[in-house]
Every structure is written in C-alpha cells, then in structure tokens.
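What the coordinates show
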Amino acid sequence: FTGATKDASGAQLSFTEPAAGARYILEASTNLVSWTKLMAKTSVGVTTNYTDPRATNYPSRYYRLQVP
C-alpha cells in the first residue's frame, strides 16, 4: 500500500500491484478474522487506486492484498 485517506465517499486506497500477469485479491475486514473480497484482478504492474465506499460504515476497517 502506498497511501490511504478517508473522506465522505469512503476510503481511498493506493497500492502498487504485484508483477505484471499475477492475479491478486483485495480484501477488507473489521475484525482481522473475517475477510470480504473487494476485488480480484490480473496485475499490469502499476500503481492503482481503489475506493471503498463501505468504509464510512465502520469505526475501523483493515485491508490486505493477497497473491494466491
């Protein structure tokens, strides 16, 4: 992750994708136990942005990027 901000529209996440051609999954959690898939994508190896509009519904929200 290269940056994160929160405003009225949700959490704005910025991250560098894994090596081009790799599949990755962005997930979110409110308790670090249960994870919800936000997106799955094939990387092109660039920095990308994602907006999580549901982040405004929780006092804390955690994110992880997985490369299965």
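Not measured: the values here are computed from a predicted model.

All right, on to the overall build of the protein chain then. Helix and strand content of the protein chain: 0 helices and 6 strands. The order of α-helices and β-strands along the protein chain, N terminus first, is β-β-β-β-β-β. What you see for the protein chain is a C-alpha radius of gyration of 12 Å, in line with the 11 Å of a compact globule of 68 residues. Excluding contacts between residues fewer than 6 apart, the proportion of contacts in the protein chain whose partners are at least 24 apart in sequence is 60%. In the form shown here, the protein chain has an accessible surface area of approximately 4200 Å², with 52% of it arising from carbon and sulfur atoms. Separation of charge centres in the protein chain, based on 7 positive and 4 negative side chains, amounts to 6 Å.

Turning our eyes to something else, we now look at the confidence of the model for the protein chain. This prediction gives the protein chain a mean pLDDT of 94; 100% of its residues lie at or above 70. The lowest-confidence element of the protein chain is strand 1 (residues 3-7), averaging 90 in pLDDT; the highest-confidence one is strand 3 (residues 23-29), averaging 97.

Within strand 3, 5 of the 7 residues are buried, which leaves it mostly tucked inside the rest of the structure. For strand 3 and strand 4 (residues 36-42), the ladder comprises 6 bridges, and the chain directions are antiparallel. Within strand 4, the residue paired with Y24 across the bridge is K41. The hairpin formed by strand 3 and strand 4 contains 6 residues between the paired strands, and L32 there has a positive phi angle of roughly 65 degrees. Of the strand pairs in this sheet, strand 3 and strand 6 (residues 62-66) are connected by 5 bridges, and their pairing is antiparallel. Looking at strand 6, one finds that S29 is bridged to Y62.

Right, let's talk about the packing of aromatic side chains for a bit. Here the distance between the centres and the angle between the planes together describe a pair of aromatic rings. With the rule as written, the count across this model stands at 2 aromatic pairs. For the pair F1 and F15, a centre-to-centre distance of 5.8 Å together with 65 degrees between the ring planes defines the contact as edge-to-face. In this pair, F1 sits in the segment before strand 1 while F15 sits in strand 2 (residues 10-16), placing the two residues 14 residues apart along the sequence. A relative accessible area of 0% places F15 in the buried class.

Within the element layout of this structure, S29 appears in strand 3. Of the polar contacts made by the side chain of S29, one reaches the backbone nitrogen of L32; its length is 2.7 Å. Those residues within four positions of S29 in sequence are excluded, and the remaining contacts are S34, W35, S60, R61 and Y62.

Each value, and the rule that gives it
Residues numbered from 1 in each chain as written. Predicted model: local features only at pLDDT ≥ 70, side-chain atom pairs only at ≥ 80, totals over all residues. Heavy atoms only, no water. Helix = DSSP H or I, 4+ residues; strand = E, 2+ residues; numbered from the N terminus. Rg over C-alpha atoms; globule rule 2.2 N^0.38 Å. Contact = heavy atoms within 4.5 Å. Areas by Shrake-Rupley, 256 points an atom, 1.4 Å probe, with all protein chains shown as cover. Lys, Arg positive; Asp, Glu negative; His and termini not counted. Charge placed at Lys NZ, Arg CZ, Asp CG, Glu CD. pLDDT = per-residue confidence, 0-100. Buried < 20%, exposed > 50% of the residue type's maximum accessible area, 1.4 Å probe, protein only. Pairing = 2+ DSSP bridges. Phe/Tyr/Trp six-rings, centres within 6.5 Å; stacked < 30°, edge-to-face > 60°. Polar contact = N/O pair within 3.5 Å; in protein donor to acceptor, adjacent residues only side chain to side chain.

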